[in-house]
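Architecture and fold: a report
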Amino acid sequence: MAVDSSARRQPTFTKVDQLRPGTHGHNLVIKVVDSKMIVQRGRGEGGRQMRIAECLVGDETGIIVFTARNDQVDVMKPGATIELRNAKIDMFKGSMRLAVDRWGIVKAAESPAEFTVKEDNNLSLIEFELMTVVE
């Protein structure tokens, strides 16, 4: 059964200020504000190298920390416009981090974004606490 590529559903893009803890399946167009290498380790001769970078990314509604892994690190250059598909929100020490696992896509956008990043609304600075409610 062949599927016509033109019949695929177009992705709906969300904004950074709409992200919430524990959610997944987000499609975003963001700009990279800053990128900082956290871990860079080799796995012996011929082994793969593990790289992790924390990147500050955002759009016209706010910014958030994105955790880039391995090949994603090469794409996340400051000033670049990036398309994220199937992104998820991970919690790290009570704050939100945006991440894309193996089921998602991180790629450079075809054209640069027309917006300026709103840097005074950092969603990663908001601390969340898990509470259980007894009824």
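Residues numbered from 1 in each chain as written. Predicted model: local features only at pLDDT ≥ 70, side-chain atom pairs only at ≥ 80, totals over all residues. Heavy atoms only, no water.

1. Regarding the layout of surface pockets
Empty pockets left among the atoms are what a rolling probe the size of a water molecule brings to light. For the largest pocket, the calculated volume is near 210 Å³. Considering the residues around the largest pocket, the lining is formed by Arg8, Arg9, Gln10, Pro11, Thr12, Asn27 and Arg85. Classifying every residue of the lining of the largest pocket gives one nonpolar, three polar and three charged. (1 Å grid on protein atoms, 1.4 Å probe; cavity = no way out; pocket = protein on both sides within 12 Å on 5 of 7 lines; lining within 4 Å. Points joined across faces, edges and corners; volume = space filled by probe spheres on them. Nonpolar A, V, L, I, M, F, W, Y, C, P; charged D, E, K, R; others polar.)

2. Some details on the side chain of Asn27
Relative to the assigned elements, Asn27 resides in strand S1 (residues 24-42). Looking at Asn27, its side chain comes within polar contact range of the main-chain nitrogen of Asn86, at 3.1 Å. In contact with Asn27, other than residues within four places in its own chain, are Pro11, Thr12, Phe13, Thr14, Leu84, Arg85 and Asn86. (Helix = DSSP H or I, 4+ residues; strand = E, 2+ residues; numbered from the N terminus. Polar contact = N/O pair within 3.5 Å; in protein donor to acceptor, adjacent residues only side chain to side chain. Contact = heavy atoms within 4.5 Å.)

3. With respect to the pairing of strand S3 (residues 62-69)
Counting buried positions along S3 yields seven of eight residues, so the element is predominantly enclosed. Sheet topology places strand S2 (residues 49-59) next to S3; eight bridges connect them, and they run antiparallel. Paired with Cys55 across the two strands is Phe66, which belongs to S3. Two successive antiparallel strands, S2 and S3, enclose a turn made up of two residues. (Buried < 20%, exposed > 50% of the residue type's maximum accessible area, 1.4 Å probe, protein only. Pairing = 2+ DSSP bridges.)

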